[in-house]
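For reference, the chains in residue letters:
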Amino acid sequence: MKKNNKKFLFFLFITTFFIALLSYGEALFFDFFMDDWGYLWAVKFDLQRYLTTWVHHPGSFITFFPWYYLFGTNPLLYNIFGVFLKTFAALSFGLVIFALFKTKRSFFLASAFYASYFGGLESFTFVSARISAFLVITVNLTIFFYIRSYLYKSNKVYLLSLFFLFISLASDPIRILPLPLLLILWEFMERKFDKNLSVK
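Now for a look at the structure at hand. (Residues numbered from 1 in each chain as written. Predicted model: local features only at pLDDT ≥ 70, side-chain atom pairs only at ≥ 80, totals over all residues. Heavy atoms only, no water.)

1. Observations concerning a nonpolar patch on the surface
Alright, step 1. On the surface, a cluster of nonpolar side chains totalling about 540 Å² of accessible area is made up of F29, L76, L77, I80, F84 and F88.
Alright, step 2. With respect to the helices, strands and loops of the structure, F88 is situated in helix α5 (residues 75-101).
Alright, step 3. Judged by its relative accessible area of 41%, F88 falls in the partly exposed class. (Patch = residues over 30% accessible without salt bridge, like charges linked within 9 Å, V, L, I, M, F, W, Y side chains within 5 Å. Areas by Shrake-Rupley, 256 points an atom, 1.4 Å probe, with all protein chains shown as cover. Salt bridge = Lys/Arg side-chain N within 4 Å of Asp/Glu carboxyl O. Helix = DSSP H or I, 4+ residues; strand = E, 2+ residues; numbered from the N terminus. Buried < 20%, exposed > 50% of the residue type's maximum accessible area, 1.4 Å probe, protein only.)

2. Overview of the nonpolar core
Alright, step 1. One finds F64, Y78, L85 and F124 to be the most contacted residues of the largest nonpolar core, which totals 33 residues.
Alright, step 2. The element that contributes the greatest number of residues to this core is α5, accounting for eight residues.
Alright, step 3. Among residues more than four places away in sequence, those in contact with F64 are F32, D36, Y39, L40, V43, Y50, Y78, V127 and S128.
Alright, step 4. Of all hydrophobic cores here, the second largest spans eight residues; its members include I131, Y146, L165 and L179. (Core = buried A, V, L, I, M, F, W, Y, C linked by side-chain atoms within 4.5 Å. Contact = heavy atoms within 4.5 Å.)

3. Considerations on the packing of aromatic side chains
What characterises a pair of aromatic rings is the spacing of the ring centres plus the angle enclosed by the ring planes.
Alright, step 1. Across all of its chains, the model carries 29 aromatic pairs by this definition.
Alright, step 2. Seen from their ring centres, Y146 and Y158 are 6.3 Å apart, and the 50 degrees between their planes marks the pair as tilted. Here Y158 lies in helix α9 (residues 155-171) and Y146 lies in helix α8 (residues 131-152), a separation of twelve residues in the sequence.
Alright, step 3. For Y158, a relative accessible area of 36% corresponds to the partly exposed category.
Alright, step 4. Ring centres 5.2 Å apart and planes at 75 degrees place the aromatic pair F163 and F164 in the edge-to-face group.
Alright, step 5. Using a relative accessible area of 46% as the deciding quantity, one classes F163 as partly exposed. (Phe/Tyr/Trp six-rings, centres within 6.5 Å; stacked < 30°, edge-to-face > 60°.)

4. Here we look at helix α1 (residues 3-24)
Three or four residues apart is the spacing at which side chains of an α-helix point the same way, because the helix has 3.6 residues per turn.
Alright, step 1. The end-to-end C-alpha distance of α1, which contains 22 residues, comes to 31 Å, matching closely the 32 Å that a straight helix rising 1.5 Å per residue would cover.
Alright, step 2. Against α5, α6 (104-116) and α7 (121-125) lie the buried residues of α1. (Expected span 1.5 Å × (residues − 1).)

5. Re the pattern of salt bridges
Alright, step 1. Applying the stated criterion across every chain yields a total of one salt bridge.
Alright, step 2. Notably, a salt bridge pairs R175 with D172, separated by 3.3 Å at the nearest N-O pair.

6. Comments concerning unusual backbone geometry
Alright, step 1. The amide bond that connects F65 to the next residue, P66, takes the cis arrangement and shows omega of 10 degrees.
Alright, step 2. Within the secondary structure layout, P66 lies in the loop between α3 (47-52) and α4 (68-71).
Alright, step 3. Despite not being glycine, K153 has its phi angle at roughly 50 degrees, a positive value.
Alright, step 4. Within the secondary structure, K153 sits in the loop between α8 and α9.
Alright, step 5. Accessibility expressed as a relative area gives 61% for K153, which makes it exposed.

Below you can see the structure in the form of structure tokens.
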């Protein structure tokens, strides 16, 4: 990786993190909320049940496991982690825009915009709802690698896309089911556009 690219990525990460911190600063001092307490109890006293009873959203166990063993019952640490999640979600969204427009400016602006955006606030501030935050990252990575694999005809990159798609589907199949259809539709439209260009 070129030195300039490393500097850009470092600057992008720091900037995105501080934008997310400014946007969600007050959330750092939130306490646990509603379902959080029940999940905390389950992780500590009935781990097997906690890990195996997520019928409709199997990946939801990741909201407190394994983080409980790092953060204990300190809500501040979970909330700081939430800011990092917001940062990585913003960067993953920036990657999707970068795959489409291929400019550092688009990468930067998209990441900064998402970091400052308040939509889905509970996904990053309420610990028990954080499966949605993790899904934002895996879905964006699925889309990013899928677009890259199509544009550069790379099977290795395509396998990365399938890997993140599998994680997303396994974590929350009900929410993620439309994603493969959207990817197929995007590729169909892209092929149609390329065909029209070649005819012209």
